[in-house]
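Working through the structure, step by step
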Amino acid sequence: MTGRLLRFLRPKTVAYVGGSQIAGPIRAARRAGFEGQMWVVNPVRDEIEGIVCHKSVDGLPYAPDAAVIGLSPERAIVAVAELSVAGAGGAVVMSSGFAELGSDEGRDRQARLKAAAGEMPLLGPNCMGLINQFSGAAVWGDDNHIERQEGPSAALISQSGALLIGMTNVEQAFPLGYAASVGNQAVTTIAELIEGMLDDDRIRAIGLYLEGMEDGEALGHACLKALKQGVPVVALKGGDGAEGSKVSLSHTASMVVERDVWEAFCRRFGIVEVTSPKALVETLKLLTVGGLPKGNRLSILSYSGGLNGLAAARCPALGLSLPMPVAENLAFMRDLLPDTVALNNPLDLNIPFSASDGSISMRDTKGVTGAIIAFAEHVSDQIVFFIDVPRGGAGGLDKVWQDSLEALIEVREKLQIPVSVAGIMPEGLSVDFRRHMQKNGVAALLGYSETMEALSVSAKLAAACHRLKSLKAPQPLYARSEPVNPVMLDEAAAKEALAQYGLVTPDFKAVAVQEAPAAAEALGFPVAVKVLSSTIAHKAKLGGVCLNLTDVGCVGEACNLMAVNVAKADGGHPVERVLVEKMVEGSDTEVIVGIKRHPATGLALMLGMGGSRAEAMAQFVTLLLPLEEGALASAMNDLGLSGHPAAEALTRACEAVAAYAAARKDELITLDVNPVMLTKDGRAIASDALIVMGEAS
């Protein structure tokens, strides 16, 4: 490990600054066998947990590698400044009362904390800190179980300290090397932690809990770097929806990211999402012990036909395929296994506990090994054996089941693909057995649903790794500061601006309202007439759009009707100008092409099913800009548009909108082209357009 986080992540000296609250992490580190030095800074107490107190940071023997600060916000700022001046390797600020308050006072306090830290790494404020389970170091805010690790391990980085408390205090046989709670990220960010942890070759997978983000560019490239190094990143996202967003903003003051932008971010940077904290843990176990599979082919075994039926039904939705053995191996299995075993994938290994006639049984580890190898060899990318082993105790009920599971260790060595054993129930495998299997390279997972999700996530990560290897390094996101002083262009100005970049629109004329009939006659009927305004965004909702007008009389009547409707709905504003345009004929599909902006990820293009019901249908795909190779084609395929006669024309329309956004990336706030009419003869024509511009800040 190199760089400025080296001392902080792997400390040999830890200073605890505060009162009774710092006793807990000292006890945790002692129980874990931390061999480094621990110092305490407290000006009024003689000792805490048997450690003599230094009166100030200046009184420490030398600058600590890491420090935990359990003080009030203002006193924490002073302590951070003292540690930074002393040359400490990093600090954790536990206290809240900073930017998460949402007040000017809190934001000012956080700015002063950041200035006090200077170049020193700092986790928080408003966080629990860091646990290094390799060494037993607790740069942490409370007492905690620390399960020491030696070999390949995962790392967890979370914007929630409570989630990490649960995972580290409850989960056992979880190969977790680092647990880091980041809080407000005033100084050290998740992206920097990922980069630092990648320098430790014991880390094989990284899990994230995120509620929002500030710098998508930095975080995305850290995750992409990790995947390219063979260290996949798995994420659990909180803060979705209006109520979740409120909680997230008050929790860590993070910039909440909308669901569609988040999914676009994950696709671009090779991150795969999980749905629950437990699924995150099980996925990290699988990736850490087994590694990434090469594809989505899965061989499932169990002693339960019912479980197999559940798994087989679920695999297609999870993107997992279930290959059958090659013919030669199928014949071998048929000779080896009893006729009661139906040769399917999933395989119900319906063999007896024991057999006196020499035939295969659950206690025949060698025979079971041969059967599993034949089942998966040449056709599978990973294997899972679902089983609940009875808990130990009187009668030794667990022993007979475990013999056949020992076969998985040799299967792993022989086939060199990820192999897992999974309890169907959350307590289906004992802790000692899980540790034994994982020490021998077999991931030991818990819970049917979480295991199936973990297997799916690992296959998706394999696909992401393969896809990203074939792509050039992504260009920088259009992530500039939010423009100010928004101004909406009227429809004619918006269409003229986009036409310069290749967007095709109907023939139209922007005229005074009294000139509309003549303009319509010049264009040729049928026509549409729309109110032309730089303040009305939703013209149709205000009665400002009339379609399929077939003569000059209809146009005049439509203008009169619009004048009444719009004046009534828009505070009495008169209709002075209108846009008259040719109706698009031969259309059978309407889509929307738009641009949205988020401070953390910049501009994104949205492609979806459009028209007047675009919001209600909510069928769309969001792509971060600049567009990656193949991204548009993939989005169109997801929406069922790739086979449309106008698919090529729609591609050009999207590229035109993206090119306009690129040229105006510092000023563009939002853009909607809705609908784009797709015709049976292969045209994509933009019937409406809205652009809101601002001044670069």
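Refer to the structure presented above.
To start, this report covers the structure provided alongside it. Note that the structure is predicted; figures quoted are calculated from it, not measured.

1. Details of the sheet that holds strand β14 (residues 272–273)
Hydrogen bonding along the main chain pairs the strands of a sheet, whether they run parallel or antiparallel. Spatial strand order, β9-β8-β11-β10-β12-β13-β14: seven strands in an open sheet with mixed pairing. Each edge of the open sheet is held by one strand with a lone partner, namely β9 (137–140) and β14. Two strands pair when backbone bridges link them, and strand β12 (residues 203–210) and strand β13 (residues 233–237) are joined in this way by five bridges, in the parallel orientation. Across the sheet, residue G207 finds its bridge partner in β13, namely V234. Running at roughly 155 degrees to strand β11 (residues 176–181), helix α5 (residues 161–170) makes contact with β9, β10 (153–158), β11 and β12 of the sheet.

2. Description of the nonpolar core
Counting residues in each nonpolar core, the largest one holds 93 residues, and the members touching the most others are Y16, L123, I157, I194, I206, L208 and L219. Aside from chain neighbours lying at most four places away, what touches Y16 is I22, P25, I26, A29, M38, W39, V40, V41, V68 and A138. The next biggest cluster of nonpolar side chains, apart from the first, holds 42 residues, and it includes L603, L641, A649 and V657.

3. What about the pairing of strand β24 (residues 577–582)?
Here five bridges tie strand β21 (residues 508–512) to β24, and the two strands are oriented antiparallel to one another. Paired with K509 across the two strands is V580, which belongs to β24. Sheet topology places strand β22 (residues 527–531) next to β24; five bridges connect them, and they run antiparallel. What sits directly across from V531, in β24, is V578.

4. As for the packing of aromatic side chains
What characterises a pair of aromatic rings is the spacing of the ring centres plus the angle enclosed by the ring planes. Tallied over the full model, the rule gives seven aromatic pairs. With 5.5 Å between their ring centres and 75 degrees between their planes, F134 and Y178 make a pair best called edge-to-face. Separated by 44 residues along the polypeptide, F134 in the loop between β8 (129–132) and β9 and Y178 in strand β11 bring together distant segments of the chain. A single burial state applies to F134 and to Y178, both of which are buried. A cation sits over an aromatic face here: R202 above F134, 3.6 Å from the ring centre. Over the ring of Y478 we find K665, and its NZ or CZ is 5.6 Å from the ring centre.

5. Let's talk about the pairing of strand β1 (residues 13–18)
Judged by how many residues are buried, β1 sits mostly within the fold: six of six residues are covered. Burial along β1 is two-sided: the face carrying T13, A15 and V17 and the face carrying V14, Y16 and G18 are both buried. Sheet analysis places β1 next to strand β2 (residues 37–41), joined by five bridges and oriented parallel. When the sheet's bridge partners are listed, Y16 is paired in β2 with V40. Relative to strand β5 (residues 66–70), β1 runs parallel, the two being bridged by five bridges.

6. A few points about the sheet that holds β24
Taken in spatial order, the four strands make up an open sheet running β21-β24-β22-β23, and their pairing is antiparallel. Single-partner strands in this sheet number two, and they are β21 and β23 (545–549). Sheet twist, expressed as the average angle between the axes of neighbouring strands with direction ignored, equals 20 degrees. Packing against the sheet, helix α19 (residues 552–569) makes contact with β22, β23 and β24, and its axis sits at approximately 25 degrees to β22.

7. Some points on the layout of surface pockets
When its volume is computed, the second largest pocket comes out at roughly 730 Å³. Taken together, 33 residues form the lining of the second largest pocket, with E263, C266, R267, I271 and R467 sitting closest to its centre. Mapped onto the lining of the second largest pocket, the elements with two or more residues apiece are α9 (259–269), β14, α11 (305–318), α16 (448–469), β27 (620–624) and α21 (631–638).

8. Describing helix α3 (residues 73–86)
With 14 residues, α3 extends 20 Å between its outermost C-alpha atoms, agreeing within 8% with the 20 Å of an ideal straight helix rising 1.5 Å per residue. Where the residues of α3 are buried, they touch β1, β5, β6 (91–93), α4 (104–117) and β7 (122–123). After α3 finishes, the residue G87 shows a positive phi value of roughly 95 degrees.

9. A closer look at empty space enclosed by the protein
In the structure shown here, the tally under the stated rule is two cavities of 30 Å³ or more. Put simply, the largest cavity is a space of about 60 Å³. Every residue along the wall of the largest cavity is listed here: M488, L489, E491, V531, S533, I536, A537, K539, A689 and L690. In the lining of the largest cavity, the residues fall into seven nonpolar, one polar and two charged. Lining the second largest cavity, in full, are Q133, E147, M167, T168, E171, F174 and L176. The residue makeup of the lining of the second largest cavity, split by class, is three nonpolar, two polar and two charged.

10. Here we look at the pattern of salt bridges
One pass over the full model with this rule turns up 31 salt bridges. The shortest N-O distance in the salt bridge between K225 and E195 comes to 2.7 Å. Placement of K225 in helix α7 (residues 216–228) and of E195 in helix α6 (residues 190–198) is noted, with a sequence separation of 30 residues between them. Of the charged contacts in the structure, one is a salt bridge between R683 and D681, with a shortest N-O distance of 3.0 Å. According to the relative accessible area criterion, R683 is partly exposed, its value standing at 35%.

Definitions and cut-offs
Residues numbered from 1 in each chain as written. Predicted model: local features only at pLDDT ≥ 70, side-chain atom pairs only at ≥ 80, totals over all residues. Heavy atoms only, no water. Pairing = 2+ DSSP bridges. Helix = DSSP H or I, 4+ residues; strand = E, 2+ residues; numbered from the N terminus. Contact = heavy atoms within 4.5 Å. Axes fitted to C-alpha atoms, helices over the stretch in contact; angles between N-to-C directions. Core = buried A, V, L, I, M, F, W, Y, C linked by side-chain atoms within 4.5 Å. Buried < 20%, exposed > 50% of the residue type's maximum accessible area, 1.4 Å probe, protein only. Phe/Tyr/Trp six-rings, centres within 6.5 Å; stacked < 30°, edge-to-face > 60°. Lys NZ or Arg CZ within 6 Å of the ring centre and 35° of its normal. 1 Å grid on protein atoms, 1.4 Å probe; cavity = no way out; pocket = protein on both sides within 12 Å on 5 of 7 lines; lining within 4 Å. Points joined across faces, edges and corners; volume = space filled by probe spheres on them. Expected span 1.5 Å × (residues − 1). Nonpolar A, V, L, I, M, F, W, Y, C, P; charged D, E, K, R; others polar. Salt bridge = Lys/Arg side-chain N within 4 Å of Asp/Glu carboxyl O.

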